[in-house]
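One-letter residues, chain by chain:
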Amino acid sequence: MKSSATTMSIGEIAARFGLAAHVLRHWESMGLVTPARLGGRRRYGANDLYRVAVILRAKEAGLGLDEIREMITTSDPAQRRAVLRRRRDELAERIARAQASLDLVECALDCEHDDFTSCRHFQAVVAERGTLTATTASG
């Protein structure tokens, strides 16, 4: 059992991560975290801190709680890798779209025209990024 000197209460861990305590209780009910009990109270140790950090990072990456649970609770490495590969592919696609958007914004910032959308250089960048389709160009 973990000693209370090296563990944190639910309030302490909630404050550390900027969470409400009910979020941690919900995660526990879903099987995402399993804090030790000392005198009937939840006690979170170092491994729990990492687990909470992983959950928060996974949520930032767009994983839902069910996906996170599948990823961190499975004992099947192939299943875990499948979840992670799926998310990696989705993130790579999202990053590529965001980079293309950033490129367009930077191009517009560099344009000296009053209406950057009529600038031939900007239009070429839009067309190059595949943002302009045949139906939008003719309509």
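Whatever comes next refers back to the structure up there.
Numbers given for residues are sequential positions, taken from 1 along each chain in its written order. For this predicted model, a pLDDT threshold of at least 70 governs which residues receive local features, and a threshold of 80 or more governs which side-chain atom pairs are given and counted, while totals over whole chains, interfaces and linings are taken from all residues. Only hydrogens and water are set aside when side-chain values are computed; all heavy atoms of the structure are taken into account.

Asker: Got a sec to walk through the nonpolar core? Specific residues and values, please.
Answerer: For this analysis, a nonpolar core means a set of buried residues of the types Ala, Val, Leu, Ile, Met, Phe, Trp, Tyr and Cys, connected via side-chain atoms within 4.5 Å. Under the scheme applied here, a residue whose accessible area is under 20% of the maximum for its type counts as buried, over 50% as exposed, and between as partly exposed, the area being computed with a 1.4 Å probe on protein chains only. Core analysis: the biggest nonpolar cluster contains 21 residues, and L24, W27, L32, V52, I55, L63 and I68 have the highest contact counts within it. Where this core is concerned, the elements lending two or more residues are α1 (10–17), α2 (21–30), α3 (46–60) and α4 (65–73). Take this core: its biggest share by element is four residues, from α3. Residues count as neighbours in contact if any of their non-hydrogen atoms are within 4.5 Å of one another. Apart from the residues within four sequence positions on either side, I55 is in contact with W27, L32, V33, I68 and I72. In DSSP terms, a helix is any run of H or I states spanning at least four residues, a strand is any run of E spanning at least two, and both are numbered starting from the N terminus.

Asker: Tell me about the pattern of salt bridges, residues and numbers included.
Answerer: Basic side-chain nitrogens of Lys or Arg form a salt bridge, by our definition, when they fall within 4 Å of a carboxyl oxygen of Asp or Glu. Summed over all chains, the structure comprises eight salt bridges. The salt bridge partner of D66 is R69, with a shortest N-O separation of 2.9 Å. Here D66 and its partner R69 are both found in helix α4, three residues apart, which amounts to about one turn of the helix. For D89, the salt bridge identified is with R88, shortest N-O distance 3.3 Å. Several salt bridges converge on common partners, so that one network encompasses E28, R37 and R42.

Asker: Before we move on, can you summarise α2 with the specific residues and values?
Answerer: Along α2, the residues that are buried comprise L24, W27, E28 and M30. Looking straight down α2, one finds its buried side chains confined to an arc of 160°; they lie on one side. Of the residues in α2, the exposed ones pointing more than 90 degrees away from the buried face are H22 and S29. Next to the buried residues of α2 lie α1, β1 (36–38), β2 (41–43), α3 and α4. The directions from the helix axis to the C-beta atoms form the arc being described.

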